[in-house]
Amino acid sequence: CKDYVPETTAAKVQGTLRKLRPDAAAALEEMFAAAKEEGVTLSTVSGYRSYSKQSLIYSRKVGRTGSEAEADKLVARPGASEHQLGLAMDVQCPDTLTLSSNFAQTDEGRWVEENAHRFGFIIRYKEEWTDITGYAYEPWHIRYVGTEHSLAMQQSGQCLEEYLGEVQQ
């Protein structure tokens, strides 16, 4: 929806574009603090995005890939981005400026993969789920679902679409 704007707050963590819904921001702060205690420093890249900001990002991706079909695998269309919900955050190593699947091979990426669920986050677009989610692998894109759901999803190995399908039944 073009007009949807959630209540957001800037998470008190390292990085840029740190706004999330308050519950997600608090969980992100806890996650970043735990990572730091365990010797890993994380940085935010992009949290809440407005419809218009997502529209710009999508248009740029269409221009770079040459088609909407290719862009749709890499970037959500305006109005369909989890970032607009205020529940998604792109995270990265503090010294890296670009988002890349290489994040998964870093100490930071491995820590996120192994621990995000403890704080209510899931890695939203895993490599093995691309046929289900419709999006390319994004080890940096985490989404807040709350600890009850993130723990259940971690145990089951399900992506959000599969998990929601089961919960609805």
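Structural notes, computed from the coordinates. (Residues numbered from 1 in each chain as written. Predicted model: local features only at pLDDT ≥ 70, side-chain atom pairs only at ≥ 80, totals over all residues. Heavy atoms only, no water.)

Here we take up the sheet that holds strand 5 (residues 121-125). A sheet is described by the order of its strands in space; here four strands give the open sequence 3-4-6-5, paired in antiparallel fashion. This sheet does not close on itself; its edge strands, each paired only once, are strand 3 (43-46) and strand 5. Mean inter-strand twist for the sheet, computed between neighbouring axes without regard to direction, equals 45 degrees. In this structure, strand 5 lies alongside strand 6 (residues 138-144), joined through four bridges in antiparallel fashion. Across the sheet, the residue bridging to Tyr-125 is Glu-138, located in strand 6. This element, helix 1 (residues 22-37), spans strand 3, strand 4 (88-92), strand 5 and strand 6 of the sheet and lies at about 130 degrees to strand 6. (Pairing = 2+ DSSP bridges. Helix = DSSP H or I, 4+ residues; strand = E, 2+ residues; numbered from the N terminus. Axes fitted to C-alpha atoms, helices over the stretch in contact; angles between N-to-C directions. Contact = heavy atoms within 4.5 Å.)

Leu-28, Met-31, Leu-42, Trp-111, Val-112, Phe-121 and Ile-142 are the most contacted members of the largest nonpolar core, which has 27 residues in total. Of all the secondary structure elements, the ones that give two or more residues to this core are helix 1, strand 4, helix 5 (107-115), strand 5 and strand 6. For this core, the element with the most residues is helix 1, which contributes eight residues. Dropping the residues within four chain positions of it, Ile-142 is found in contact with Leu-28, Met-31, Leu-87, Ala-88, Met-89, Val-91, Val-112, Phe-121, Ile-122 and Ile-123. Residues Ile-122, Val-145, Met-153 and Tyr-163 belong to the second largest nonpolar core, which totals five residues. (Core = buried A, V, L, I, M, F, W, Y, C linked by side-chain atoms within 4.5 Å. Buried < 20%, exposed > 50% of the residue type's maximum accessible area, 1.4 Å probe, protein only.)

A separate point is helix 1. Look at helix 1: 23 Å from first C-alpha to last across 16 residues, which is about the 22 Å you get at 1.5 Å a residue. Listing the buried residues of helix 1 in full gives Ala-24, Ala-25, Ala-27, Leu-28, Met-31, Phe-32, Ala-34 and Ala-35. (Expected span 1.5 Å × (residues − 1).)

Now for the pairing of strand 6. Counting buried residues along strand 6, seven of its seven residues qualify, which places the element largely inside the surrounding structure. Where strand 4 and strand 6 come together, three bridges link them in antiparallel fashion. Bridge pairing in strand 6 links Ala-88 to Arg-143.

Quick look at the pattern of salt bridges now. The full count for this structure, using the stated rule, is 10 salt bridges. Residues Lys-73 and Glu-70 are paired through a salt bridge, measuring 3.0 Å at the closest nitrogen-oxygen approach. On the accessibility criterion, Lys-73 (40% relative accessible area) is partly exposed. Of the residues examined, Glu-70 reaches a relative accessible area of 37% and is grouped as partly exposed. Arg-124 is the partner of Glu-82 in a salt bridge, and the nearest nitrogen-oxygen pair spans 2.5 Å. One end of the pair, Glu-82, is in helix 4 (residues 82-85); the other, Arg-124, is in strand 5, with 42 residues separating them in the sequence. Residue Glu-82 shares its accessibility class with Arg-124, and that shared class is buried. (Salt bridge = Lys/Arg side-chain N within 4 Å of Asp/Glu carboxyl O.)

This brings us to the packing of aromatic side chains. Under the defined criterion, the tally for this structure stands at three aromatic pairs. Ring centres of Trp-111 and Phe-119 lie 6.2 Å apart, and the angle between their planes is 25 degrees; this geometry places the pair in the stacked category. Overall, Phe-119 belongs to the buried group, its relative accessible area being 9%. (Phe/Tyr/Trp six-rings, centres within 6.5 Å; stacked < 30°, edge-to-face > 60°.)

This paragraph deals with the pairing of strand 4. For strand 4, a buried count of five out of five residues is recorded, marking the element as mostly surrounded by other parts of the structure. Alignment of strand 3 against strand 4, held across three bridges, turns out to be antiparallel. Pairing of Thr-44 across the sheet is with Val-91, part of strand 4.

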